[in-house]
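# An overview of the molecular structure
In case you want the letters, here they are:
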Number of protein chains: 2
Amino acid sequence: MKSAENRYDVAEPKSASNDRFVLSKGHAAPILYAAWAEAGLFPVSELQKLRKLDSDLEGHPTPRLNFIDVATGSLGQGLSVACGMAYVGKNLDKAPYRTYCLMGDGESMEGNVWEAMTFAGFYKLDNLCAIIDVNRLGQSDPTPLQHDMEQYKNRVESFGFHGIVVDGHDINELVKAFDEAANTKGKPTCILAKTFKGHDFPEIADLMNWHGKALGDKSASVVEHLKGLLQNASAPNPKIEGPSGAAPDVSIKDVKLSSPPNYKLGDALATRQAYGTALAKVCENNPRVIALDGDMKNSTFSQNVTKQFPERYIECFICEQNLVGVGIGAACRDRTVAFVSTFACFLTRAFDNFRMGVISQTNINVAGSHCGVSIGEDGPSQMALEDLAMFRTLPGATVFYPSDAVATERAVELAANTKGITFIRLSRPATTIVYANDEVFEIGKAKVVKQSDSDKVLVVAAGVTLDEAVKAAKNLEASGVNVRVLDPFTVKPLDAEGVIKNALECGGRIVTVEDHYPEGGIGSAVADVVSGRRDIVLKKLCVQEVPRSGPPKILIEKYGIGADSIVKAVNEIKDA
Amino acid sequence: MKSAENRYDVAEPKSASNDRFVLSKGHAAPILYAAWAEAGLFPVSELQKLRKLDSDLEGHPTPRLNFIDVATGSLGQGLSVACGMAYVGKNLDKAPYRTYCLMGDGESMEGNVWEAMTFAGFYKLDNLCAIIDVNRLGQSDPTPLQHDMEQYKNRVESFGFHGIVVDGHDINELVKAFDEAANTKGKPTCILAKTFKGHDFPEIADLMNWHGKALGDKSASVVEHLKGLLQNASAPNPKIEGPSGAAPDVSIKDVKLSSPPNYKLGDALATRQAYGTALAKVCENNPRVIALDGDMKNSTFSQNVTKQFPERYIECFICEQNLVGVGIGAACRDRTVAFVSTFACFLTRAFDNFRMGVISQTNINVAGSHCGVSIGEDGPSQMALEDLAMFRTLPGATVFYPSDAVATERAVELAANTKGITFIRLSRPATTIVYANDEVFEIGKAKVVKQSDSDKVLVVAAGVTLDEAVKAAKNLEASGVNVRVLDPFTVKPLDAEGVIKNALECGGRIVTVEDHYPEGGIGSAVADVVSGRRDIVLKKLCVQEVPRSGPPKILIEKYGIGADSIVKAVNEIKDA
């Protein structure tokens, strides 16, 4: 029978061969810190620094601590991350480490949890063990199910888990349940631990209004009471077993396109299509590159991976929070290079997962297709017009907005080698190939696509609007007005130096044009680098209202981001 | 026995007394449009304009059509909205109208759906009937459960629904199921309709790769085949019964604070606390004001409503997507003025609900507390540092950032009377009362808090940073440098005129300072109104990295948004 203990090399908490533990109910951080101190990772005396500025023992766990894989504290996200770890353990590492995730009962109502439950059940992740601490009390009210353990069991079983109800205060029952979980094949286990909040704390146990509160003047008496309950207080700590098997050595470094881009200048192709091509190429180059999608693979072209490398494609169905969470989990401990894709607008559902991903120092690549009004007839619900704003808020994130197929392939290659969260914004319609196949791209380096010695305005554009800008530039040229066209390639970091230098060469006049709402996109990024200067002025073209269904080209002009609008804006600003 | 038919006054689709129908699987729009045409609302010939620019029959439904309450097309959100409608129908309107929501099976995996299921089950919404169209096929793959109808039934029953499995192609079975739903008391019903995608379409039915595709050259033969199946084709359309009872007349106009703010200049109080006070006051003034929270009511102070008006507080537990969805539903057809609150950082989970809310022309008020590093020891997972960026992207939204208790009470009052989505950003620590109780506030009108005739720099600040700015101004004054301090009150719309006028009076120099990340906040809003001018320069102070746990005042200075940082920035820019 398989033993239930967590298996760790305590001295090396991030060893790829260790079991994983995700404390999804991050507010229980103090007990996790205490457990690692008791296990010998750091002195127990350090615990006194809890929540102090000079300590990494923060209010909620973050990977500033070497025994934490992902930050928690925004509830309901941990199980998705654990799913990603368990999926990789079972299907890619094929190693014996197990993954545990502890959740609260209030937390278990988060939709993200049930997306993860669907995933774990469908993929039969029997190396995953979820635990729900059913303590009956939320922060401000009892939870809906209170202590209805049977209904909890029905829920998890209907999502494909093996459910085990235990008295969460009974160590023997818990050990037995963990044993049972480890020996249950073909499905994940969820241990439903009936507990009482503040159990054995006199005048506190099972009462509301103690959530997140320190004990104050009750501390001494409670500690005294607890000491009285200790059995074998002088016995040595139990020994922690090391891993029962090793995870394979892998490298996620120096990922390359297996062959260079192969397009013809002047042809047209959708960047989402080039994304699929590039994704298959980086998969070909490195066996640890994986792709995940949310039932959109035939639109985002991540399906290209399913054809060549089916074992490295993870279908996450229509569950965007879990899609991102699984990607974050799969990338933990540098096990994989994960590329997550769906329509860019639906990525807004995972904003909190990205927010926590940054705190988690996560390393994933995200591709969002179908940005902007240029998707056309499907209408505003399917148009991403705030995605640049969202991803730009993430500290340390890299935001690619490739304008043609060549740039897209290089964006994928660069993303694969860039730490942190990267986002690649992809368009639905075909855009003109403007770069040679051997063009070299760098993060934070813009490209000048058109210029002359007498440019009066710098037009900054990307994706579908780059085509419009080039068209406008030609029209303007015919009327005797030269403009320079700049493609930023990355919107974060923006090439501040390039923008400023080119703007000054154009008389300090910039027009930005983007298939995005006014706030937070290319125009805002440019404003951020020029608003401190008196020698540069900026005019922004962008989508100013909720768009309608219609043909892409007509929508682009109707919403003021087409060639005609650019010509008009240039003429308005050219003498400013 | 209660009859199952939908009850509508067809000529007045938005009548408050009608049944509600939410097509959560918005991509099925054509069939909904056809049904309303058949019911006589508009000519059948209009259907030929589907997805045309000059028609409101868009690719996915929006309330540009008078028979649509909320836009759909981003999956999994409809049931939350339906929950809000049903909750109001049962508990506030106490009217006989019923609410129906049709979802897809692929869609049913969205976590948002299970948050809504928890809600409907807990509140025993027996006037709600969900339908899941289990057609086995997603866009790019079969769904995980395919046609496992029993497992679907187990799922919905474990969430408190009465589950009924039917052959979705059998009208008689469907009618019987709707009857059963209408007569089931004490719990909501979920009809699980087993169907085949493209049923009765030869060579298309039950096959992959037909999602979202037009029939092309198969059209004629399919239509011919379907015509052959029609029974009683010449029979008149069945009559649609009108509502069986009237919803009460209500007014949500001219909501006022029941008494003016009552604070003392120079005292300090957290704006979140003033929010609770104001919320109770507007509830006192209008019986249709309601409050919703996600188990944070003792932190956001929405708990003030539970004390005085328990019947108008809806606890939504830790389910932020559903919290917002229920708010949107409750506000439909002007039934209520809904105030939704939780920690601002957790509102990022509902970004897609807000995005769709805008397309839905929804009318809700959102309050987000605990913004920024000033929350202190709980650490970065609980700090909202991207909320202004998120809400600013929403077309037509109003973003309040009140700096003291007086401004907060007026923000609540203004929000209650402002159409669209409003957001009120609230702080955890106490901030100084700087406004008299009779100060008049307007949307888009900034307040000058400190000024002189010789100001060299305009400092724009809000919330905790307004206190810091005033302190910095006093320190600077002592060293002979006068600065003007401006409180924007609303960040969207920003008082462009006020900012520009005051900036020009300060030599065209602005410093913005905010408890927010660099992108999308106050600094960006100010940049947007000044980046087109050569006579104004801007320097932004904001939080530039992922913060740590620590005491609020120390974090404010450590992350560069405290009085010392402001003094430094002013000295750097004062001669620019």
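Thresholds applied
Residues numbered from 1 in each chain as written. Chains lettered and ligands numbered in written order. Predicted model: local features only at pLDDT ≥ 70, side-chain atom pairs only at ≥ 80, totals over all residues. Heavy atoms only, no water. Helix = DSSP H or I, 4+ residues; strand = E, 2+ residues; numbered from the N terminus. Rg over C-alpha atoms; globule rule 2.2 N^0.38 Å. Buried < 20%, exposed > 50% of the residue type's maximum accessible area, 1.4 Å probe, protein only. Contact = heavy atoms within 4.5 Å. Lys, Arg positive; Asp, Glu negative; His and termini not counted. Charge placed at Lys NZ, Arg CZ, Asp CG, Glu CD. Phe/Tyr/Trp six-rings, centres within 6.5 Å; stacked < 30°, edge-to-face > 60°. Least-squares fit on C-alpha atoms with pLDDT ≥ 70 in both. Pairing = 2+ DSSP bridges. Axes fitted to C-alpha atoms, helices over the stretch in contact; angles between N-to-C directions. Buried area = accessible area lost by both parts, 1.4 Å probe. Salt bridge = Lys/Arg side-chain N within 4 Å of Asp/Glu carboxyl O. Polar contact = N/O pair within 3.5 Å; in protein donor to acceptor, adjacent residues only side chain to side chain. Nonpolar A, V, L, I, M, F, W, Y, C, P; charged D, E, K, R; others polar. pLDDT = per-residue confidence, 0-100. UniProt positions renumbered as here; feature names shortened; annotations may be inferred. Domains from an automatic or database assignment. Parallel < 35°, antiparallel > 145°, perpendicular 65-115°, else oblique. Left-handed = near helix turned anticlockwise from the far one by under 90°. 1 Å grid on protein atoms, 1.4 Å probe; cavity = no way out; pocket = protein on both sides within 12 Å on 5 of 7 lines; lining within 4 Å. Points joined across faces, edges and corners; volume = space filled by probe spheres on them.

### Quick notes on the overall build of chain A
- Per the secondary structure count, chain A includes 18 helices and 19 strands.
- On C-alpha atoms alone, chain A measures out to a radius of gyration of 27 Å, which is about the 25 Å that the 2.2 N^0.38 rule sets for 576 residues.
- Dimensions along the principal axes, computed over C-alpha positions, put chain A at roughly 90 × 55 × 40 Å.
- Expressed as a percentage of its 576 residues, the buried residues of chain A come to 64%.
- Counting only contacts in chain A whose residues sit at least 6 apart along the sequence, the fraction spanning at least 24 positions is 78%.
- Counting 62 positive and 72 negative side-chain charges, chain A places the centres of these two groups 2 Å from one another.

### Things to note about the packing of aromatic side chains
- Counted under the stated rule, the structure contains 38 aromatic pairs over all chains.
- Centroid distance F400 of chain A to F489 of chain A: 5.6 Å. Interplanar angle 70 degrees. Geometry classified as edge-to-face. Taken together, the positions of F400 of chain A in strand β11 (residues 398–400) and F489 of chain A in the loop between β16 (483–487) and β17 (490–492) put the pair 89 residues apart, joining distant regions of the chain. For the pair F400 of chain A and F489 of chain A, one class covers both residues: buried.
- On the numbers, 4.9 Å between centres and 80 degrees between planes, the contact of F122 of chain B with Y123 of chain B is edge-to-face.
- By relative accessible area, which is 34% here, F122 of chain B ends up partly exposed.
- You can call Y123 of chain B buried: its relative accessible area is 19%.

### What to know about the environment of A416 of chain A
Residues and elements named next belong to chain A.
- Summarising the element assignment, A416 is placed in helix α13 (residues 405–416).
- In this structure, the C-alpha to C-alpha distance between A416 and V537, residues 121 residues apart in sequence, is 36 Å.
- With sequence-adjacent residues up to four places away left out, A416 is seen in contact with V255, V337, F339 and N365.

### What about the relation of the copies chain A and chain B?
- Of the transformation superimposing chain A on chain B, the axial component is 0.0 Å and the angular component is 180 degrees, with the fit at an RMSD of 0.0 Å. Taken together, the turn and the small shift mark the pair as related by a two-fold rotation axis. Taking the C-alpha atom as reference, chain A places G111 of chain A closest to the rotation axis, 1.7 Å from it.
- A high fraction, 100%, of the interface residues of chain A reappear at the interface in chain B, so the copies pair face to face through one surface.

### Let's talk about the sheet that holds strand β15 (residues 457–461) of chain B
All names here are of chain B.
- The strand order across the open sheet formed by five strands is β14-β16-β15-β18-β19, and the pairing between neighbours is mixed. The open sheet terminates on both sides in strands that have one partner only, identified here as β14 (447–450) and β19 (537–541). On average, each strand axis in the sheet is inclined to that of its neighbour by 25 degrees, with strand direction left out of account.
- Strand direction decides the pairing type here: strand β18 (residues 509–513) and β19, joined by five bridges, are parallel. Across the sheet, I510 pairs through a bridge with L538, a residue of β19.

### Let's talk about the interface of chain A and chain B
- Across the boundary between the two partners, chain A contributes 100 residues, which contact 100 residues of chain B.
- Summed over both sides, the interface of chain A with chain B buries roughly 8,300 Å², with 51% coming from carbon and sulfur.
- Broken down residue by residue, the surface that chain A buries against chain B is led by L53, R349 and R534 of chain A, which jointly contribute 10%.
- Linking chain A with chain B are 14 salt bridges, by the criterion used here.
- In this structure, the salt-bridge partner of D141 of chain A is K297 of chain B, at a minimum N-O distance of 2.7 Å.
- Applying the counting criterion to the chain A and chain B interface returns 64 residue pairs in polar contact (both at pLDDT 80 or more).
- For the side of chain A that touches chain B, the class distribution of residues is 35 nonpolar, 33 polar and 32 charged.

### Description of the confidence of the model for chain A
- Residues of chain A with pLDDT of at least 70 account for 99%, and the chain-wide mean is 96.
- If you check the scores for this complex, the pTM reads 0.98 and the ipTM reads 0.97.

### Remarks on the UniProt feature "domain: Transketolase-like pyrimidine-binding" (unreviewed entry) in chain A
- Within this numbering scheme, the UniProt entry marks residues 269–434 of chain A as carrying the feature "domain: Transketolase-like pyrimidine-binding" (unreviewed entry).
- As annotated, residues 269–434 of chain A comprises 39% helix and 20% strand, and the C-alpha atoms at either end are separated by 11 Å.

### A few points about the pairing of strand β16 (residues 483–487) of chain B
Residue and element names in this part refer to chain B.
- Burial of β16 is extensive: five of the five residues sit out of reach of the surface.
- The alternating pattern of β16 places V483, V485 and D487 on one face and R484 and L486 on the opposite face, and all of these are buried.
- Sheet topology note: the β14/β16 ladder contains three bridges and is antiparallel. Paired with K450 across the strands is V485, a residue of β16.
- Relative to β16, β15 runs parallel, the two sharing four bridges.

### What to know about the side chain of R410 of chain B
All names here are of chain B.
- For R410, the position within the fold is in helix α13 (residues 405–416).
- Among the residues examined, R410 registers a relative accessible area of 17% and is labelled buried.
- Contact partners of R410, with chain neighbours within four places excluded, come to L257, P260, P261, N437, E439 and F441.

### Some details on the pattern of salt bridges
- The tally for this structure, following the rule as stated, stands at 74 salt bridges over all chains.
- We note a salt bridge from E46 of chain A to K49 of chain A, for which the minimum N-O separation is 3.7 Å.
- Between E203 of chain A and K218 of chain A there is a salt bridge; the shortest N-O distance is 3.5 Å. Within this pair, whereas E203 of chain A is found in the loop between β5 (189–194) and α6 (219–229), its partner K218 of chain A is found in the loop between β5 and α6, the two being separated by 15 residues in sequence.
- In this structure E203 of chain A comes out as exposed when scored by relative accessible area, which is 63%.
- Looking at K218 of chain A, the relative accessible area reads 23%, which means it is partly exposed.
- When salt bridges that share partners are traced, they join E110, D352 and R355 of chain A together with E320 and R349 of chain B into one network.

### Some remarks on the domain arrangement of chain A
Residues and elements named next belong to chain A.
- By domain assignment, chain A separates into domain 1 (20–229), domain 2 (268–432) and domain 3 (447–573).
- In this structure, domain 2 and domain 3 have C-alpha centres spaced 25 Å apart.
- Listed by partner, the interface residues are 38 residues for domain 2 and 34 residues for domain 3.
- At the boundary of domain 2 with domain 3, total buried surface from both sides reaches about 2,500 Å², with 61% on carbon and sulfur atoms.
- Of all residues in domain 2, the largest losses of buried area upon contact with domain 3 belong to L385, R392 and Y401, amounting jointly to 29% of the total for that side.
- Residue D528 pairs with R392 through a salt bridge whose shortest N-O separation is 3.2 Å.
- Linking domain 2 with domain 3 are 21 residue pairs in polar contact (both at pLDDT 80 or more).

### Digging into the packing of helix α2 (residues 78–93) of chain B against helix α10 (residues 320–331) of chain B
All names here are of chain B.
- Axis separation between α2 and α10 bottoms out at 6 Å; the angle between their running directions is 50 degrees. Comparing the axis directions of α2 and α10 gives the class oblique. Remark: the crossing between α2 and α10 carries right-handed chirality. Contacts from S80, V81, C83, G84, M85 and V88 in α2 reach Q321, N322, G325, V326, I328, G329 and A330 in α10.
- Per-class residue counts for the contact of α2 with α10 are seven nonpolar, six polar and no charged.

### Concerning the sheet that holds strand β10 (residues 364–369) of chain B
All names here are of chain B.
- With mixed pairing, seven strands are arranged side by side in an open sheet as β8-β7-β9-β10-β12-β11-β17. Unpaired on one side and paired on the other, β8 (313–315) and β17 (490–492) mark the two borders of the sheet. With direction set aside, neighbouring strand axes in the sheet form an average angle of 20 degrees.
- By the bridge criterion, three bridges tie strand β7 (residues 289–293) to β8 in an arrangement that is parallel. Looking across to β8, one finds that D293 is bridged to E315.
- Lying on the sheet, helix α7 (residues 271–285) is in contact with β7, β9 (337–343) and β10; it crosses β9 at an angle near 160 degrees.

### What about empty space enclosed by the protein?
Residues and elements named next belong to chain A.
- Scanning all chains against the criterion turns up 15 cavities of 30 Å³ or more.
- Quantified by volume, the largest cavity comes out at close to 130 Å³.
- As for the largest cavity, its lining consists of 15 residues, of which F21, V22, F67, I68 and D69 are closest to the centre.
- The set of elements that each furnish at least two residues to the lining of the largest cavity consists of β1 (20–23) and α1 (29–39).

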